[in-house]
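Structural overview
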Amino acid sequence: MKKSHLIQIYALSSMIFLAGCSESNSQSKPAVKVSIEEQIKTKFEKEILPAPSSPCFAGAYYRKAYSSKDFWLGIGGTVTLPVLTYDPSRTNPNKPGAYLDNASVYLGGNSDEQETDIGLTWEIIREEDGSISKEHKAFRPFLRRTGYKSGQTSLYMNAPAEAKYYWYSGETVTMSIQLIEAKKIKFIVEGAGKKYEQIFDADGYDPKFMAQYKRVNAIDQVANEGKPAQPTTAKVTGAKWTETFLFRSVNGNVVKAPMHTKRFTDMQCPAKSYFNLSSFGESGESIDIFGSR
């Protein structure tokens, strides 16, 4: 065999060997994926931690997870809606068929001292024959804001009383509120083949302001705001947040930062004895509320 042929064979063998080594090394050292969590830690080394505790505001039984005051742009999550069991002795004397206890599952926040509550509440509906129900029969979207120093007044509104905006106990929905520009919050709730979307004006919200965001599960009580929670055998059970996240800008992109226990203040009001909570996964939580404990 000619010497030139031997050199060619040797060179080819070396290339095959080196390729095999390269492939082996590649398999032993897979590419590292940088999680959103790590991106945030890298970009925002001084991320503000939430307060260890916060005083309760009287008037209801509620479980609130409240973020730190930081450059968050909103909050979202996926939740299975709970079952409300009434206290039969607590009927509403002013509204036959209604009760003094109610259920709500919602998001919200506080920016420059303007508070928002946005989500789902157990509500009356418009029946198929066009009449309005006396009883509360479905979860309907609601949006609430307090007044602001700009002169913007307080506001409460519901989604239209239409079947396409009714959700029921046991259904799973994804909800989010996101600051899309100064003074504009986008609210979206969707699930079970239905969707509601609304741009909500809130003058106190601005990407340049630090803000806090929250998720809340509650037994609300009629005309009881600011008063001690009234004894009741009502309960709201079966709620399950499979995830909760906070919106934040990272390198010009809006990402979802998991709202795990290190990212929220744990509030169980008026006392922990009224709740059964169970955490799971990175940011999941099951929530049962009892008014009789």
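Quick caveat, the model's predicted, so the values are computed rather than measured. The residue numbering used here restarts from 1 in each chain and proceeds along that chain's sequence as written. For a predicted model such as this one, the threshold for reporting local features is a pLDDT of at least 70, and the threshold for listing and counting side-chain atom pairs is 80 or more; totals across whole chains, interfaces and linings nevertheless cover every residue. With hydrogens and water set aside, each side-chain value is computed from the structure's full complement of heavy atoms.

1. Some details on the confidence of the model for the chain
We count it as follows: Confidence of the predictor at the level of single residues is given by pLDDT, which spans 0 to 100. Any two residues having at least one pair of non-hydrogen atoms within 4.5 Å are treated as being in contact.
Per-residue confidence for the chain averages 89 on the pLDDT scale, and 85% of its residues sit at or above 70. Every residue in residues 1-29 scores below 50 in pLDDT, and together they form two contacts with partners more than four places removed in sequence or on other chains.

2. Here we look at the nonpolar core
We count it as follows: To define a nonpolar core, start from buried Ala, Val, Leu, Ile, Met, Phe, Trp, Tyr and Cys residues and group those joined through side-chain atoms within 4.5 Å. Burial classes follow relative accessibility: with a 1.4 Å probe on protein chains only, a residue under 20% of its type's maximum area counts as buried, one over 50% as exposed, and anything between as partly exposed. Under the scheme used here, helices are H or I runs from DSSP no shorter than 4 residues and strands are E runs no shorter than 2 residues, and both carry numbers assigned from the N terminus.
Membership of the largest hydrophobic core comes to 46 residues, with the highest contact counts inside it found for W167, M175 and Y213. Among the elements that take part in this core, strand β12 (residues 235-250) stands out by supplying six residues, more than any other. Within the second largest apolar cluster, nine residues are counted, among which are A60, Y62, Y66 and V216.

3. Structural notes on the pattern of salt bridges
This is how the line gets drawn: Note on definitions: salt bridges are taken to be side-chain nitrogens of Lys or Arg within 4 Å of carboxyl oxygens of Asp or Glu.
Following the criterion strictly, the structure yields 17 salt bridges and no others. We note a salt bridge from D266 to R63, for which the minimum N-O separation is 2.8 Å. Of this pair, D266 sits in strand β14 (residues 265-269) while R63 sits in strand β1 (residues 61-66), and the two are 203 residues apart along the sequence. Close ionic contact of K137 with E127 constitutes a salt bridge, the shortest N to O distance being 2.6 Å. Within this pair, whereas K137 is found in the loop between β5 (114-123) and β6 (138-145), its partner E127 is found in the loop between β5 and β6, the two being separated by 10 residues in sequence. Using a relative accessible area of 24% as the deciding quantity, one classes E127 as partly exposed. Within this structure, R63, R215, D266 and E285 form a network of salt bridges that share partners.

4. Points about the sheet that holds strand β11 (residues 211-221)
This is how it is decided: DSSP bridges decide pairing: two strands pair if at least two such bridges lie between them. All axes here are fitted lines through C-alpha atoms, helices being fitted over the stretch that makes contact, and every angle between N-to-C directions spans 0 to 180 degrees.
The seven strands are arranged β7-β6-β5-β4-β11-β1-β14 in an open sheet whose pairing can be described as antiparallel. Two strands close off the open sheet at either side, each with one partner strand: β7 (155-158) and β14. Neighbour-to-neighbour, the strand axes of the sheet open up by a mean angle of 15°, direction not taken into account. Of the strand pairs in this sheet, β5 and β6 are connected by eight bridges, and their pairing is antiparallel. If you follow L120 over to β6, its bridge partner there is P141.

5. So, a nonpolar patch on the surface
The criterion, for reference: The patches described consist of residues with a relative accessible area above 30% and no salt bridge, like charges being joined within 9 Å and nonpolar side chains (Val, Leu, Ile, Met, Phe, Trp, Tyr) within 5 Å. In these tables, accessible area is a Shrake-Rupley quantity obtained with a 1.4 Å probe, and a residue counts as shielded only by the protein chains included in the view.
Together, I48, F71 and M210 line one region of the surface with nonpolar side chains, adding up to about 220 Å² of accessible area. Examined against the element boundaries, I48 turns out to sit in the loop between α2 (36-43) and β1. What makes I48 partly exposed here is its relative accessible area of 32%.

6. Focus: the environment of K194
Spelled out, the test is: In protein, a polar contact requires one atom able to donate a hydrogen and another able to accept it; more generally it is a pair of N or O atoms within 3.5 Å, and residues adjacent in sequence count only if both atoms are side-chain atoms.
Assignment of secondary structure puts K194 in strand β10 (residues 194-201). The exposure class assigned to K194 is buried, which follows from its relative accessible area of 16%. When the C-alpha positions of K194 and Y166 are compared, they lie 8.2 Å apart, and in sequence the two are 28 residues distant. Non-local contacts of K194, meaning those with residues more than four positions away in its chain, are made with A163, K164, Y166, W167, Y168, E171 and V189. For K194, the side chain forms a polar contact with the side chain of E171, separated by 3.4 Å.

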